[in-house]
Amino acid sequence: MLYIYRSQLLLMDNNDRGEATYACPIENDVFPKHVNYYLAIMAVSCYKCEYLLILLYEQFILSGGPLEWILFGLDAVDPKIKRIALINEKLAYRPWTICQDDLSSIIKEGEHCWKLSEVIKACFIMSTYHGLCGLCLGMGLQPDTDSLVMLTKVFGQKVEMLVSSKILKRANVTVPDR
């Protein structure tokens, strides 16, 4: 499990131009790192898999992603990313219903249109994390206490909006008053 997750994180971090870069430079420039993590957060949120959600919040913050995106969800994200939310829902629950019209509505000309390569990479990230959610939920994995403590330091009381109080109590994490 850890190997699968680490290999996916390497794929998500492909914009560092380090050892994890691909031979084809086009594949390295599809999305900034924080957008990759936000797409994964969107995918994991469909299944409410708190184990992966906490790990992805942490990686999103470390990659320099805007905190508003996590706190306010799709209302605060880039309008371009908001457009792929329908595809994410369909990939999660009814992938056989995705049709040409769904894709063409995202790729069509306009201010916040997607390129085909972007849609393919976004769908790959989301479907990979949909599958990882099934594995994590099936194994009964719980969020890591250290990650929960880090989130409480960053978000303070707002962490209760992100993580269920049941998980915080189980990990013996106290939310600071602000």
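Here the structure is shown first, and the text comes after it.
Residues numbered from 1 in each chain as written. Predicted model: local features only at pLDDT ≥ 70, side-chain atom pairs only at ≥ 80, totals over all residues. Heavy atoms only, no water.

Topic: helix 7 (residues 85-93)
- Those residues of helix 7 that fall on the buried side of the exposure criterion are Ala85, Ile87, Asn88, Lys90, Leu91 and Ala92.
- As for helix 7, its buried residues are in contact with helix 3 (33-47), helix 6 (79-82), helix 8 (100-107) and helix 9 (116-139). (Buried < 20%, exposed > 50% of the residue type's maximum accessible area, 1.4 Å probe, protein only. Helix = DSSP H or I, 4+ residues; strand = E, 2+ residues; numbered from the N terminus. Contact = heavy atoms within 4.5 Å.)

A look at the packing of helix 4 (residues 50-62) against helix 9
- Axis separation between helix 4 and helix 9 bottoms out at 9 Å; the angle between their running directions is 130°. Classified by the angle between their axes, helix 4 and helix 9 sit oblique to one another. Every residue of helix 9 that contacts helix 4 at Tyr51, Leu52 and Leu56 is listed here: Tyr129, Leu132, Cys133 and Cys136.
- Along the lines of polarity and charge, the residues of the contact of helix 4 with helix 9 split into 7 nonpolar, no polar and no charged. (Axes fitted to C-alpha atoms, helices over the stretch in contact; angles between N-to-C directions. Parallel < 35°, antiparallel > 145°, perpendicular 65-115°, else oblique. Nonpolar A, V, L, I, M, F, W, Y, C, P; charged D, E, K, R; others polar.)

Examining the layout of surface pockets
- In this structure, the largest pocket occupies an estimated 240 Å³ of space.
- Lining the largest pocket are 13 residues, and of these Tyr38, Ile41, Met42, Ser45 and Leu74 lie nearest its centre.
- Within the residue set of the lining of the largest pocket, elements represented by two or more residues are helix 3, helix 5 (67-72) and helix 7.
- Here the lining of the largest pocket is composed, by residue class, of 9 nonpolar, 3 polar and 1 charged. (1 Å grid on protein atoms, 1.4 Å probe; cavity = no way out; pocket = protein on both sides within 12 Å on 5 of 7 lines; lining within 4 Å. Points joined across faces, edges and corners; volume = space filled by probe spheres on them.)

Some details on unusual backbone geometry
- Positive phi outside glycine occurs at lysine 48, with the angle close to 55°.
- Mapped onto the elements of the fold, lysine 48 is located in the loop between helix 3 and helix 4.

Quick notes on the state of the cysteines
- Applying the stated criterion across every chain, the model contains 0 disulfides.
- The structure places no disulfide on cysteine 49, whose sulfur is separated from the nearest cysteine sulfur, that of cysteine 133, by 4.3 Å.
- A relative accessible area of 2% places cysteine 49 in the buried class.
- Overall, cysteine 133 belongs to the buried group, its relative accessible area being 0%. (Disulfide = S-S within 2.5 Å.)

Notes on helix 3
- Over its 15 residues, helix 3 runs 22 Å from end to end, which matches the ideal 21 Å to within 8%, given 1.5 Å per residue.
- Among the 15 residues of helix 3, 12 are classified as buried, and the element is accordingly described as predominantly covered.
- Taken residue by residue, helix 3 has His34, Val35, Asn36, Tyr37, Tyr38, Leu39, Ala40, Ile41, Met42, Ala43, Val44 and Cys46 as its buried positions.
- Just past helix 3, the residue lysine 48 takes up positive phi, approximately 55°. (Expected span 1.5 Å × (residues − 1).)

Side note on the nonpolar core
- Residues Leu39, Val44, Leu52, Ile81, Ile84 and Tyr129 are the most contacted members of the largest nonpolar core, which totals 40 residues.
- Looking at this core, the elements that each hand over two or more residues are helix 3, helix 4, helix 5, helix 7, helix 9 and helix 10 (145-155).
- Those residues in contact with leucine 39 that sit more than four places away from it in its chain are Phe31, Ile81, Ile84, Ala122, Ile125 and Met126. (Core = buried A, V, L, I, M, F, W, Y, C linked by side-chain atoms within 4.5 Å.)

Points about the packing of helix 7 against helix 9
- Contact geometry of helix 7 with helix 9 gives a least axis separation of 10 Å together with a crossing angle of 35°. Judged by the sense of rotation from one axis to the other, the crossing of helix 7 with helix 9 is right-handed. Together, Ile87, Asn88, Leu91 and Ala92 of helix 7 and Cys123, Met126 and His130 of helix 9 make up the contact between the two elements.
- Its residues placed into classes, the contact of helix 7 with helix 9 shows 5 nonpolar, 2 polar and no charged. (Left-handed = near helix turned anticlockwise from the far one by under 90°.)

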